[in-house]
Amino acid sequence: MQFNYIGNEARPSSSDRSIPVIDPSDGQVFDEIQRSNASDIDAAVAAARKCNDSVWSKLSGAERGRLLMRLSNKVAEHAEELALIEQRDCGKPTKQARADALALVRYFEFYAGACDKLHGTTIPYLDGYSVLTWREAHGVTGHIIPWNYPMQIFGRSVGGALAAGNVCVVKPSEDACLSLIRVAQLAEEAGFPAGAINIVTGYGHEVGDALARHPGIDHISFTGSPRVGTLIQQVAAERHCPVTLELGGKSPQIIFADADLDAAIPMVINAIVQNAGQTCSAGSRLLVDQAIYEPLLDRLGKAFTNLRVGPAVMDLDVGPLIRASQQQRVWDFLSDAQVANIAMVAQGQVVDEAPETGFYQAPTLLRDVPVDHRLAQEEVFGPVLSAMSFKDEDEAIAQANATQFGLVAGIWTRDGSRQLRMAKRVRSGQVFINNYGAGGGVELPFGGVKSSGYGREKGFEALYGFTTVKTVAIKHG
Ligand code: NAD
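Residues numbered from 1 in each chain as written. Predicted model: local features only at pLDDT ≥ 70, side-chain atom pairs only at ≥ 80, totals over all residues. Heavy atoms only, no water.

### Here's the deal with the side chain of Asp-31
By secondary structure assignment, the location of Asp-31 is in strand E4 (residues 28-34). Although Asp-31 lies buried, it forms no salt bridge, and the closest oppositely charged side chain, Arg-88, sits 7.8 Å away as judged by the N-O distance. Of note is the side chain of Asp-31, whose polar atom sits 3.3 Å from the backbone nitrogen of Met-1. Look past the residues within four positions of Asp-31 in its chain and what remains in contact with it is Met-1, Gln-2, Ile-19, Pro-20, Val-21 and Leu-178. (Helix = DSSP H or I, 4+ residues; strand = E, 2+ residues; numbered from the N terminus. Buried < 20%, exposed > 50% of the residue type's maximum accessible area, 1.4 Å probe, protein only. Lys, Arg positive; Asp, Glu negative; His and termini not counted. Salt bridge = Lys/Arg side-chain N within 4 Å of Asp/Glu carboxyl O. Polar contact = N/O pair within 3.5 Å; in protein donor to acceptor, adjacent residues only side chain to side chain. Contact = heavy atoms within 4.5 Å.)

### A closer look at the sheet that holds strand E5 (residues 122-123)
On the basis of which strands lie adjacent, the open sheet formed by three strands has the order E5-E6-E22 and antiparallel pairing. Edge positions in the sheet fall to E5 and strand E22 (467-475), since each has one partner strand and no second. (Pairing = 2+ DSSP bridges.)

### So, helix H8 (residues 226-238)
With 13 residues, H8 should cover 18 Å at 1.5 Å per step; its first-to-last C-alpha distance of 19 Å lies within 8% of that length. By the burial criterion, the buried members of H8 are Gly-229, Ile-232, Val-235 and Ala-236. Considered in projection along H8, the buried side chains sweep an arc of 130° and stay on one side of the axis. Relative to its buried face, H8 has exposed residues pointing more than 90 degrees away, namely Arg-227 and Glu-238. The inward-facing, buried residues of H8 contact strand E7 (140-144), helix H7 (204-213), strand E10 (219-223) and strand E11 (243-246). (Expected span 1.5 Å × (residues − 1). Arc of directions from axis to C-beta.)

### Focus on the site of the ligand
Around the ligand there are 31 residues in total, and Arg-156, Glu-174, Ser-225, Leu-247 and Glu-379 lie nearest to it. Glu-174 is positioned with one of its side-chain polar atoms (N or O) 2.7 Å from an oxygen atom of the ligand. When the ligand is considered free in solution it has 840 Å² of accessible area, and contact with the protein chains removes 91% of it. Counting only elements with at least two residues in the shell around the ligand, the list comes to helix H5 (150-163), H7, E10 and H8. (Near = heavy atom within 4 Å. Areas by Shrake-Rupley, 256 points an atom, 1.4 Å probe, with all protein chains shown as cover.)

### Remarks on the domain arrangement of the protein chain
When cut into domains, the protein chain gives domain 1 (4-247) and domain 2 (252-441). Each side of the interface is counted separately: domain 1 has 21 residues, and domain 2 has 26 residues. Three residues, Pro-24, Ser-25 and Trp-147, lead the burial of domain 1 against domain 2; their summed loss comes to 28% of the area buried on that side. Where domain 1 touches domain 2, the interface holds two salt bridges. A salt bridge links Asp-175 to Arg-323, with the nearest nitrogen and oxygen atoms 2.3 Å apart. In this assembly, domain 1 and domain 2 are joined by 13 residue pairs in polar contact (both at pLDDT 80 or more). When residues of the side of domain 1 that touches domain 2 are traced back to their parent elements, those giving at least two are helix H3 (79-90) and helix H4 (94-114). Considering only residue class, the side of domain 1 that touches domain 2 consists of eight nonpolar, eight polar and five charged. (Domains from an automatic or database assignment. Buried area = accessible area lost by both parts, 1.4 Å probe. Nonpolar A, V, L, I, M, F, W, Y, C, P; charged D, E, K, R; others polar.)

### Some remarks on the confidence of the model for the protein chain
The share of residues in the protein chain with pLDDT of 70 or more is 100%, and the mean pLDDT across the chain is 98. Taken element by element, the predicted model of the protein chain shows its lowest mean pLDDT in H8 (97) and its highest in strand E8 (residues 167-171) (99). (pLDDT = per-residue confidence, 0-100.)

In structure tokens, the structure reads:
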């Protein structure tokens with residue numbers, strides 16, 4: 001049984017209820033988390049406020065930085081343990097689970113170094129005045145986290161908030177809490193004061209909603225679906241609470257005829273099969289110059305056929321999806337494709353060792369997907385790649401920008417002028433030229449436009465969102 005972590009103490013929920021934890025690789029229950037309620041959020045916010053007022057707000061940036069660096073080192077020492085926890089909880093192949101733990105190390109390391117480098121400005125003004133700005137922490141920040149990359153999203157969101165001088169109340173996804181509870185324990189061992197990092201588990205409509213509504217929360221960082229992002233905005237608007245929204249995507253990979261296909265093909269595949277396609281920035285649309293459409297699909301089809309799917313511990317190309325309802329969601333998209341006569345180019349294989357009770361889905365490549373079909377418009381959040389062709393740059397841009405989303409875009413061409421023209425015209429928060437994701441760099445600001453959200457996390461840029469500016473004008477004559 002897992003407990004909430006409030007004020008550096010493991011605490012049961014006052015509801016006396018729990019939620020089973022299911023291993024996606026075999027569909028079996030192996031643990032329980034607290035099904036918390038609004039009074040647990042009250043307790044967490046009170047612990048956070050006390051910490052903020054009595055300790056955290058009095059620390060210098062350098063002192064916060066030292067604590068974050070100690071936490072980074074603790075996570076590094078326990079990286080294998082954390083990877084194994086995440087693997088079982090989320091069904092992540094070993095390489096992915098380890099990469100996520102190391103990304104968490106890096107987030108805390110990066111934000112440790114940033115703590116004492118955030119500062120305001122002085123502004124030249126009228127004669128007789130001196131004007132300066134202070135960057136002030138919001139205070140108690142709320143963090144609502146999805147299940148696809150719990151450690152990574154915790155690292156970027158909570159790491160940035162703490163560095164900027166805030167304390168945190170975290171609501172992980174009901175499908176992925178275990179690693180974050182362990183990280184909060186490690187934070188206590190690293191010397192974090194009681195109340196700086198609090199974890200409250202439970203369902204979104206119960207405890208997530210209570211967190212977003214709580215008058216003691218001064219800023220909300222939400223990462224999740226556009227649907228819930230809308231609810232968070234509505235609730236936050238009631239009390240004018242600032243919000244950062246990191247929502248979904250339907251990101252295009254745009255391949256021109258002069259692209260280096262040997263470099264592009266493995267990255268196109270990885271961008272849709274990584275984490276079983278359950279990645280907000282998944283490259284889920286493939287836009288291909290008509291001159292190379294057939295040969296490229298031929299090569300990709302062969303590669304898809306060789307992809308293997310199985311239990312997380314087998315560390316194959318693809319692990320299971322997170323839960324049965326996510327598997328059903330992917331099946332629904334694929335049956336819609338059949339109804340619309342969308343042709344399947346190739347599918348990978350689920351290995352015989354995969355238990356029938358696990359939530360597996362073979363990676364699937366579809367071709368000639370109409371731009372307005374839901375497979376080209378909506379997030380599948382599974383390993384399904386929708387391909388279509390274009391005749392020139394204008395059509396490529398029209399297709400790339402033809403969804404409600406704008407998170408990431410990949411552009412593959414050797415023509416330098418075209419690289420920049422395309423990068424300017426595509427509507428997205430990040431653009432990758434002749435690569436996709438740039439290795440995930442924690443230094444790189446991340447976020448979207450349109451229904452992919454607003455505000456930025458990662459990099460130094462995140463610190464501006466986790467602070468507010470106070471202008472001080474002094475008249476001295
Ligand atoms: P989700 O929106 O269902 O849930 C996200 C979180 O919100 C969970 O912790 C959930 O419990 C909570 N929640 C649900 N209902 C709530 C409510 N009424 N009030 C408050 N909180 C509530 O998303 P998910 O299924 O966990 O994650 C998948 C989605 O997240 C996808 O759309 C994906 O693209 C998006 N995502 C975006 C990014 C990004 O950085 N842009 C990163 C990862 C995931």
